Amino acid sequence: MTTNLLDFDLHGLQAFCESLGEKRFRAQQLFRWIHQKGESDFDRMTDLAVGFRHKLKQHALIKGLEKIGEHSSADGTIKWLFSVGNGDAIEAVYIPESDRGTLCVSSQAGCAVGCRFCSTGHQGFSRNLTTAEITAQLWMAEHHLRQKLGRSERVISNVVMMGMGEPLQNYSALVPALKTMLDDHGYGLSRRRVTVSTSGVVPMMDRLGEDCPVALAVSLHAPTDALRDVLVPLNVKYPLAELMQASLRYLDHAPRDFITFEYCMLSGVNDLPEHAQLLIDLIARSGVGGQGLSCKLNLIPFNPFPASGLVRSSVEAVGRFAQQLQQAGLVTTVRKTRGDDIDAACGQLAGDVVDRTKLAQRKSSQRVIPVVVSPL
């Protein structure tokens, strides 16, 4: 049985090399070939001993995902659709900016959290992705973009775990992928430039802070338990008081001195002045010594989809909401929608791609493939 080397962070690859009777330092050479150079052919790894290469060909492979769709937006956003077998598919989205290139990565096929405003949650959960399937999204996107743009230096500077799925419900596969992203022998990304988004899996937020502290974005979306229970059902298990305290604890480990709170703007549901005031009060009482919790509010325009029963807040309502937060001293931004002409914006669907592939034959409960895009 061959092993996909994209499943390993550097520590795991060192153990694998030792199992083949090789020295641990060989793993660093191999890791650089895979992630820095994007090589998948062992025979081209010319500084590896011939005997080592022979062992690798017998026991290992470097295999990405099956690409079944690629769309480019007028604003430069690129969306890829990848098959992960059994009729399931995931998306990764590249969002170029003048000062950075962000890749939005999926962690699960489907999602079990069931947020009211997210099309992924409406379609249910299929399975967790493997470490290789998470890492492969970056591996394939980075080296495809280098070739396409004619560049030898790094193209992707930021990764946001904001695609399909709840990352912290796939923790054992997530962390090795994060470590590969951060490793200087891999992609060498800064901890400040790798962001994990969570709907509020409190115990795993604490573990992430201990094991691999990267930037954290919390999907808040409501200022009260009564409303958040409806919008984010996970709140019933981990209510706001617990979530806010976990966010405060994470600041002890975070590479940034703030937590990002994401807030999807829903007309008449969570965008009124009283909601803004409740949100201000929630943050004020969640810090230490009356200082409030150090955070940034990221207001997200809702992208409607069938069956949501929700409506996007008007531009005026979003502006008023943001102004009220800012006047209370809270750092507040409004997320810029990117890639909406190719259904790559926050919460949009990829049915246009899916319907033209073999994925159209899968069970109806798995038919819609959404993606979340969030350059920070």
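Above this text sits the structure in question.
Criteria and cut-off values
- Residues numbered from 1 in each chain as written.
- Predicted model: local features only at pLDDT ≥ 70, side-chain atom pairs only at ≥ 80, totals over all residues.
- Heavy atoms only, no water.
- Helix = DSSP H or I, 4+ residues; strand = E, 2+ residues; numbered from the N terminus.
- Buried < 20%, exposed > 50% of the residue type's maximum accessible area, 1.4 Å probe, protein only.
- Contact = heavy atoms within 4.5 Å.
- Areas by Shrake-Rupley, 256 points an atom, 1.4 Å probe, with all protein chains shown as cover.
- Pairing = 2+ DSSP bridges.
- Axes fitted to C-alpha atoms, helices over the stretch in contact; angles between N-to-C directions.
- Parallel < 35°, antiparallel > 145°, perpendicular 65-115°, else oblique.
- Left-handed = near helix turned anticlockwise from the far one by under 90°.
- Nonpolar A, V, L, I, M, F, W, Y, C, P; charged D, E, K, R; others polar.

## Some remarks on the overall build of the chain
Of regular secondary structure, the chain possesses 12 helices and 16 strands. Here the chain holds 376 residues, and the buried ones make up 57% of them. When contacts within the chain are restricted to residue pairs at least 6 apart in sequence, those whose partners lie at least 24 apart make up 65%. Accessible area for the chain stands at about 15,200 Å²; split by element, carbon and sulfur atoms hold 50% of it.

## Comments concerning the sheet that holds strand 3 (residues 66–72)
Taking strand neighbours across the sheet as the criterion, the 10 strands line up as 3-4-5-6-9-10-11-12-13-14 in an open arrangement whose pairing is mixed. The open sheet has two edge strands with one neighbour each: strand 3 and strand 14 (331–334). The mean angle between the axes of side-by-side strands here comes to 20°, regardless of whether they run parallel or antiparallel. Where strand 4 (residues 78–85) meets strand 5 (residues 88–96), seven bridges bridge the pair, whose relative direction is antiparallel. Counterpart to Lys 79 in the pairing with strand 5 is Val 93.

## Re the packing of helix 10 (residues 273–284) against helix 11 (residues 315–327)
Running from amino to carboxyl end, helix 10 crosses helix 11 at an angle of 30°, the nearest separation of the two axes being 10 Å. As the angle between them shows, helix 10 and helix 11 are arranged roughly parallel. Crossing handedness for the pair helix 10 and helix 11: right-handed. Within the contact between the two elements, helix 10 uses Pro 273, His 275, Ala 276, Gln 277, Leu 279 and Ile 280 and helix 11 uses Phe 321, Gln 324 and Leu 325. Tallied by class, the residues present in the contact of helix 10 with helix 11 amount to six nonpolar, three polar and no charged.

On their own, these measurements won't tell you what the molecule is for.
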